[in-house]
Amino acid sequence: MGVIIRSVVVYVVLLVILRMTSRRIMRTATPLDRVLIFVFGGIGITAVLHDETSMTACFLALATFGLLHVATYASKLKIPALGLISDGARVVVFKNGEWWENRLRHAHLEHRDVIAEARQRGFKALEEVALVVVEHTGGLTFIAKSDQASADNP
Amino acid sequence: MAPRPLLQFDTDDRLETIWKVLQKGLLVLLSLMVVAGLLGLLGRGPLSHAVTPLPAIQGAVRYDHLARHTTSGQSSVEWKSRPAAAQTEISLDRGLPDAVQATATTPTASAYRITPDGAAWSFAAPPQGAGQIMVNRVTFHIGTSKVGLTRGRLRLLGQDAVLKSFVFP
């Protein structure tokens, strides 16, 4: 019983803390973001299992985390607002040559993060980019000026 | 020239259907597991305890009949008695000490000895008035060391209590 209650608490707390600290954990994680995952994981295991080392306790914790994850996903389908809370919403951080600094800061991103991602997508200069969006999944989406022009004039 | 393998963009509906059924079954299984865990049917919960009465001495043994491997717990023995002897001995037959290790007792036992068929703890009777009936309580702080079904016997003041427990891995 204790394992299940602790698993629920740790899941909710980790969800909140991960949302607060970083939104690019999986897609564009830096080494610092990865350190965060390892540390959170280590602390979480200790808190969930406490003094228990049995396989039953381990399975119970895994089952609880699995069900919570499925329940969160199902709740997001029913209540879209919950998805905004758990995942966040997309944010435009660069538009027509202008950086939106507040939004960048809020997404815990720097110019060089966006520029590095742009280079990886094959852009040679930011002048080629019309729009950069930080998606709720943590990834960055780049809309090239040429794409935007063809979309505007089909 | 060997034909170039085509990329497959279609969905294997049969596999998807089987996987959906498996997934639902697994979710039901996980839910049952969590409910059982909350109830204590997998150890450490409201239904994991059992009470075996010792009617002749108005006592009872409260212990975990569902426990988890390498997990610490408590078992307590409670009984009412008049001060007939300076010492009271609680003995367990071999089935229990082999599977459940008592790391300490509260109050601390005045003596511990290995008996031919198990182990015994002696407790000094506390001072009290003559003829006064008192409630005695001894708590064993235990750790489970063997997985599976365990069956043992606790003996106190000539009364036997059969203790059955299952230790999950």
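Caption draft 1: Spotlight on the interface of chain B and chain A. Between chain B and chain A, the residue contacts involve 19 residues of the former and 16 residues of the latter. Buried area between chain B and chain A, summed over both chains or domains, comes out near 1500 Å², and the portion from carbon and sulfur atoms is 65%. Summed over the shared surface of chain B and chain A, the number is three salt bridges. Salt-bridge contacts for Glu52 of chain A lead to Arg68 of chain B; the nearest nitrogen and oxygen are separated by 2.6 Å. Among the elements that make up the side of chain B that touches chain A, the one with the highest residue count is helix α1 (residues 13–39) of chain B (seven residues). Tallied by class, the residues present in the side of chain B that touches chain A amount to nine nonpolar, eight polar and two charged.

Caption draft 2: Spotlight on the nonpolar core. Among the nonpolar cores identified, the biggest contains 21 residues, and Val61, Val77, Ile90, Leu154 and Leu156 of chain B are the most heavily contacted of them. Mapped by element, the contributors of at least two residues to this core are β1 (49–54), β2 (59–64), β4 (72–81), β5 (87–93), β8 (118–124), β9 (134–144), β10 (148–156) and β11 (159–168) of chain B. In this view, Leu156 of chain B contacts Leu54, Ile57, Val77, Trp79, Thr88, Glu89 and Ile90 of chain B; residues no more than four positions away in its chain are not counted. Grouped together as the second largest cluster of nonpolar side chains are 16 residues, Ala107, Leu109, Phe123 and Ala144 of chain A included.

Caption draft 3: Quick peek at the confidence of the model for chain B. In the predicted model, chain B carries a mean pLDDT of 83, and 88% of its residues have values of at least 70. This prediction of the complex comes with two scores: 0.76 for pTM and 0.75 for ipTM.

Caption draft 4: Highlighting the packing of aromatic side chains. All names here are of chain A. Taken as a whole, this structure holds six aromatic pairs over all chains when the rule is applied. For the ring pair Phe94 and Trp99, a centre distance of 4.8 Å and an interplane angle of 65° mean the geometry is edge-to-face. Judged on exposure class, the residue Phe94 and its partner Trp99 are both buried. Ring geometry for Phe123 versus Phe142: centroids 5.7 Å apart, planes at 40°, classification tilted. Here Phe123, found in the loop between α6 (111–120) and β3 (129–134), pairs with Phe142, found in strand β4 (residues 140–144); they are 19 residues apart in sequence, far enough to count as distant. Both residues of the pair, Phe123 and Phe142, belong to the buried class.

Caption draft 5: Region of interest: the sheet that holds β2 of chain B. Residue and element names in this part refer to chain B. Spatially, five strands are ordered β1-β2-β4-β9-β6 in an open sheet, and the strand pairing comes out antiparallel. The sheet is open, and its two edges are formed by β1 and β6 (100–106), each paired on a single side. Averaged over all neighbouring strand pairs, the angle between strand axes comes to 20°, with direction disregarded. Relative to β9, β4 is paired through 10 bridges, and the arrangement is antiparallel. Bridge pairing in β9 places Val77 opposite Val138.

Caption draft 6: Up close: the sheet that holds β11 of chain B. Residues and elements named next belong to chain B. Judged by pairing direction, the sheet is mixed, and its six strands sit side by side in the order β3-β11-β10-β5-β8-β7 without closing on themselves. The open sheet has two edge strands, β3 (66–68) and β7 (111–115), and neither has a second partner. For this sheet, the mean inter-axis angle between neighbouring strands, taken without regard to orientation, is 25°.

Caption draft 7: Representation of a nonpolar patch on the surface in the model. A cluster of nonpolar side chains, namely Met1, Ile5, Val9, Val13 and Ile17 of chain A together with Leu38 of chain B, defines an oily patch on the protein surface of about 440 Å² accessible area. Here the element with the most residues in the nonpolar patch is helix α1 (residues 2–21) of chain A; it accounts for four residues. With respect to the helices and strands, the residue Leu38 of chain B is situated in helix α1.

Each value, and the rule that gives it
Residues numbered from 1 in each chain as written. Chains lettered and ligands numbered in written order. Predicted model: local features only at pLDDT ≥ 70, side-chain atom pairs only at ≥ 80, totals over all residues. Heavy atoms only, no water. Contact = heavy atoms within 4.5 Å. Buried area = accessible area lost by both parts, 1.4 Å probe. Salt bridge = Lys/Arg side-chain N within 4 Å of Asp/Glu carboxyl O. Helix = DSSP H or I, 4+ residues; strand = E, 2+ residues; numbered from the N terminus. Nonpolar A, V, L, I, M, F, W, Y, C, P; charged D, E, K, R; others polar. Core = buried A, V, L, I, M, F, W, Y, C linked by side-chain atoms within 4.5 Å. Buried < 20%, exposed > 50% of the residue type's maximum accessible area, 1.4 Å probe, protein only. pLDDT = per-residue confidence, 0-100. Phe/Tyr/Trp six-rings, centres within 6.5 Å; stacked < 30°, edge-to-face > 60°. Pairing = 2+ DSSP bridges. Axes fitted to C-alpha atoms, helices over the stretch in contact; angles between N-to-C directions. Patch = residues over 30% accessible without salt bridge, like charges linked within 9 Å, V, L, I, M, F, W, Y side chains within 5 Å. Areas by Shrake-Rupley, 256 points an atom, 1.4 Å probe, with all protein chains shown as cover.

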